[in-house]
Amino acid sequence: RALRAAGMEVIHSGCEATVRHVDGDPNVAVQVFWRGNELNLLRPREEPISRFLQRLELSCNKLTGRQGGNAKKRAKKEKRKSIGAEAAAAATAAEEACAEEAAGHTAQPPPPRLLDAGGERLPEETTMLEALKTARHVEIEGERLPLVLNPPSITKLEAFGKPLAGCPLTATMRCEFCKPEDFDLRWLRQVAAGQTAAEGEVMGSGRILWVPEDMVGQTLSLRVDTRGAALSGRPRGLLRLGNVEQVPQGWPERRVASFGSRQGGNVVRVVCYNILAVCYARTQTAVKDMYPYCPPQVLDMAYRQPLLGRELTRLDGDIMLLQEVAYAFFHKCLIPLFGDRYHMRISLKASKVSEGCAMLVRRDAFEVLAEEEALFKNVFRNSPAHRALLREVCSKWPDFLATILPKMTTVFQVSAVRHIASGKVLVLANTHLFFHPKARHLRLLQITCLIQLVHEMRERHRGADGELPSVVFCGDLNCGPTSGVVELLTKGEVKSDHPDWEFCSQFAWREDEEVLDAAGDEEGCGDGEAAAGGDGAATADGESGVALPKPLPETQWQPGRGVALRNPVGCLSDAYAGTGLAFTNYIHGFSGTLDWILMAGALKVVRTLPGVSEEELRPLGGLPNELHPSDHLSVAADLEIT
């Protein structure tokens, strides 16, 4: 089933029989390829082979047109219904007379047998498992078919994404009783009329193919062979990928070209990008309200995935901090493309969908010193640093601790890395804050928890001379320049009566706030391990063992609906402060700057990836579109370590 689901064609060399049995399995699976047909039998391992051989004989008789007793009875009944009892009886008598006469001239084929290595027939009382371990052939109508126990086999072959010119395709293969390294993957294009998909010019080998620009309109296929086998032989598997399509060019190429190449040395390239998880792109809200201008085939991940791989490769970041990364996309696309050059990790949200934040750090530029990942709800609930804040928030918002905080799924990533060329330590932070437009007060609490984690990581890596590491703070903050979150990060504090705190009286949780409509299939956000969040910590109140905070007397409350906040890292700088961005998110009915690269310490902005104008986007309706694969723009900056 997996082979058919993957769209893979398995090519067999001829007549043969294979047996599959895994220790502990009560059944034995037998697959027989005979005279161009495939027979599949699943039998109990303790069954005598006489029963198996009877079933095999019946299956073979059906293929050759010979019918057993039961089949004959059914045929007679059908004949009586169609031509009447008397006529049927006469016809049947005539047929039986002819059959008796033919039987005298034509010998019935012998029943199937299992033969050992010496060609001797195995006793019929032998159990299935024991017989199939010692049998070397199965004999059907005098033909001896080689029988192999647990042969190396390919159970699944997949290529991810449409074949788009100038973009990468990645492939994966699952094997049984062998390793993927035992096979060669070859990407072929059909270059002559009449060629089959298994023939053609080899365009590349291995898990990745960058589809050549000159292949537009030509057919691409993926072929699997036993390692070292000649291309002229029969393949072990074949996947037809279809015709290569052309991607229109435009502002994405101009944007990356103006940014230029990565400099290296003491200049570090930082990329921040919300790539739009497939499960969110499929919701009715997304299709009808957010991206009504985007054709379904362009919104499909099969089209977007190659474009995402191409854009991330073109940006060539030393540090890439990504959001809305599905577990499947991380393993099927990012690891094949970047796993050999980057230290990579993904931290999943604590929700029903397997998506979260990913951090990619170039190995030849940085040494990873420490990593931390945490869920907002656990940090805020359990950290001693937030006890006073939690106490006042719970007193002012009585339902927060019981009905809102347990449902929050936001995840944080924090790392300390040493820059190899300069020897300097950087603290990296990545997150995707809660999206709801009336959740400004919640985002203030979330960013407070993350900045505290950054502060603590920074203190742990203070140098011997007392120097604190520089900070690179990135993410889709779902906040614009005038928000309380950005004010806290860039100005260092937010007052307890800030307007954003007023949203605590307007926000009400709906069950679809964070879990939109995950498709849950292998191409979406549901393919992966349990989405229990990065640290796998307890998610329900009371499970941590920390006592609930005592209510704060109203006489001790701060003014307003919120709590005064202070940034322990100090004031962070916006990498785009000198150039500005009109928007990083542009969809139907909304545009704004939501994605940020902020920094603190001995870092100097050299240049930034430019934005896009409304004039360039307006003809396409917005983001995503046929040129760009996400509803967010990537943001990037070259930062010099001074």
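Residues numbered from 1 in each chain as written. Predicted model: local features only at pLDDT ≥ 70, side-chain atom pairs only at ≥ 80, totals over all residues. Heavy atoms only, no water.

Per the secondary structure count, the protein includes 17 helices and 30 strands. Sorting the 642 residues of the protein into buried and exposed places 48% on the buried side. Counting contacts in the protein only where the partners sit at least 6 residues apart, residues at least 24 apart contribute 73% of the total. With the model as given, the accessible surface of the protein reaches about 28600 Å², and the carbon-plus-sulfur share is 50%. (Helix = DSSP H or I, 4+ residues; strand = E, 2+ residues; numbered from the N terminus. Buried < 20%, exposed > 50% of the residue type's maximum accessible area, 1.4 Å probe, protein only. Contact = heavy atoms within 4.5 Å. Areas by Shrake-Rupley, 256 points an atom, 1.4 Å probe, with all protein chains shown as cover.)

One finds Leu 322, Val 325, Phe 329, Leu 334 and Phe 338 to be the most contacted residues of the largest nonpolar core, which totals 71 residues. Top contributing element to this core by residue count: helix α11 (residues 327-338), with 7 residues. Grouped together as the second largest cluster of nonpolar side chains are 52 residues, Val 393, Ala 439, Leu 444 and Cys 479 included. (Core = buried A, V, L, I, M, F, W, Y, C linked by side-chain atoms within 4.5 Å.)

Both strand β2 (residues 16-20) and strand β3 (residues 27-34) contribute to a ladder of 5 bridges, which runs antiparallel. Across the sheet, residue Thr 18 finds its bridge partner in β3, namely Gln 31. Taking the residues that link successive antiparallel strands as the turn, the β2-β3 hairpin has 6 residues, and the phi of Gly 24 there is positive, at about 95°. Hairpin connection between β3 and strand β4 (residues 37-44): a loop of 2 residues separates the two successive antiparallel strands, and Arg 35 in this loop has a positive phi of roughly 55°. (Pairing = 2+ DSSP bridges.)

With 7 of its 10 residues buried, helix α13 (residues 387-396) lies for the most part within the structure. Contacts from the buried residues of α13 go to α12 (376-382), α14 (400-404), α15 (440-460) and β24 (565-566).

Two descriptors summarise a pair of aromatic rings, namely the distance from one centre to the other and the angle between the planes of the rings. Evaluation of the coordinates by the stated rule reveals 10 aromatic pairs. With a centroid separation of 5.8 Å and 20° between ring planes, the pair formed by Phe 376 and Phe 380 is classed as stacked. Taken as a pair, Phe 376 and Phe 380 lie in helix α12 at a separation of 4 residues, close to a single helical turn. Accessibility assignment for this pair places Phe 376 and Phe 380 in one class, buried. Between the aromatic rings of Trp 397 and Phe 400, the centroid separation amounts to 5.6 Å while the plane-to-plane angle is 80°, which identifies the pairing as edge-to-face. We classify Trp 397 as buried; its relative accessible area is 8%. In this arrangement the basic side chain of Arg 269 is found over the ring face of Phe 259, its NZ or CZ atom lying 3.8 Å from the centre. The cationic tip of Arg 607 hangs over the ring face of Phe 259; the distance from NZ or CZ to the ring centre is 5.8 Å. (Phe/Tyr/Trp six-rings, centres within 6.5 Å; stacked < 30°, edge-to-face > 60°. Lys NZ or Arg CZ within 6 Å of the ring centre and 35° of its normal.)

For the pair α15 and helix α16 (residues 484-491), the least separation of the axes is 9 Å and the interaxial angle reads 30°. Taken together, the axes of α15 and α16 lie roughly parallel to each other. By crossing handedness, the relation of α15 to α16 is classed as right-handed. Contacts from Arg 443, Leu 444, Ile 447, Thr 448 and Ile 451 in α15 reach Gly 484, Val 485, Leu 488 and Leu 489 in α16. A class-by-class count of the residues in the contact of α15 with α16 yields 6 nonpolar, 2 polar and 1 charged. (Axes fitted to C-alpha atoms, helices over the stretch in contact; angles between N-to-C directions. Parallel < 35°, antiparallel > 145°, perpendicular 65-115°, else oblique. Left-handed = near helix turned anticlockwise from the far one by under 90°. Nonpolar A, V, L, I, M, F, W, Y, C, P; charged D, E, K, R; others polar.)

Before going further, it helps to spend a moment on helix α10 (residues 301-315). Counted at 1.5 Å a residue, the expected span for α10 with its 15 residues is 21 Å, and the 20 Å between its end C-alpha atoms agrees. Most of α10 is tucked away, with 12 of its 15 residues classed as buried. Within α10, burial applies to Met 301, Tyr 303, Arg 304, Gln 305, Pro 306, Leu 307, Leu 308, Gly 309, Arg 310, Glu 311, Leu 312 and Leu 315. Where α10 terminates, the next one or two residues include Asp 316, which has phi positive at roughly 55°. (Expected span 1.5 Å × (residues − 1).)

As a further point, take unusual backbone geometry. Note that the residue after Leu 623, namely Pro 624, is joined by a cis bond; omega there is -5°. By the element assignment, Pro 624 lies in the loop between α17 (614-617) and β30 (635-641). Residue Asn 150 is not a glycine yet carries a positive backbone phi of 50°. The residue Asn 150 is located in the loop between β7 (143-149) and β8 (153-160) in this model. At Leu 276, a position not held by glycine, the phi torsion is positive, near 70°. Position of Leu 276 among the secondary structure elements: in the loop between β15 (267-274) and α7 (278-281).

Across the sheet, which stays open at both edges, the 6 strands sit in the order β19-β20-β21-β22-β28-β25 with mixed pairing between neighbours. Of all the strands in the sheet, the pair left with one neighbour each is β19 (366-375) and β25 (573-574). Across 7 bridges, strand β21 (residues 425-432) lies against strand β22 (residues 470-476) in parallel orientation. For Asn 430, the partnering residue across the bridge sits in β22 and is Cys 474. Strands in contact with α15 are β19, β20 (411-419), β21 and β22; relative to β20, the strand with the most contacts, it is inclined by about 25°.

In this section: the pattern of salt bridges. Overall, the coordinates contain 35 salt bridges when judged by the stated rule. The partner of Lys 162 in a salt bridge is Glu 245, with the nearest N and O atoms 3.6 Å apart. Here Lys 162 is found in the loop between β8 and β9 (168-176), whereas its partner Glu 245 is found in the loop between β14 (237-243) and α6 (251-259), with 83 residues between them in sequence. Residue Lys 162 is classed as partly exposed on the basis of its relative accessible area, which comes to 26%. When the shortest N-O distance is used, the salt bridge between Asp 225 and Arg 186 registers 3.0 Å. Here the residue Asp 225 occupies a position in strand β13 (residues 219-226), and Arg 186 occupies one in strand β10 (residues 183-189), the gap between them amounting to 39 residues. The same class applies to Asp 225 and to Arg 186, which are both buried. One connected set of salt bridges, linked through shared partners, spans Arg 262, Asp 316, Asp 318 and Arg 362. (Salt bridge = Lys/Arg side-chain N within 4 Å of Asp/Glu carboxyl O.)

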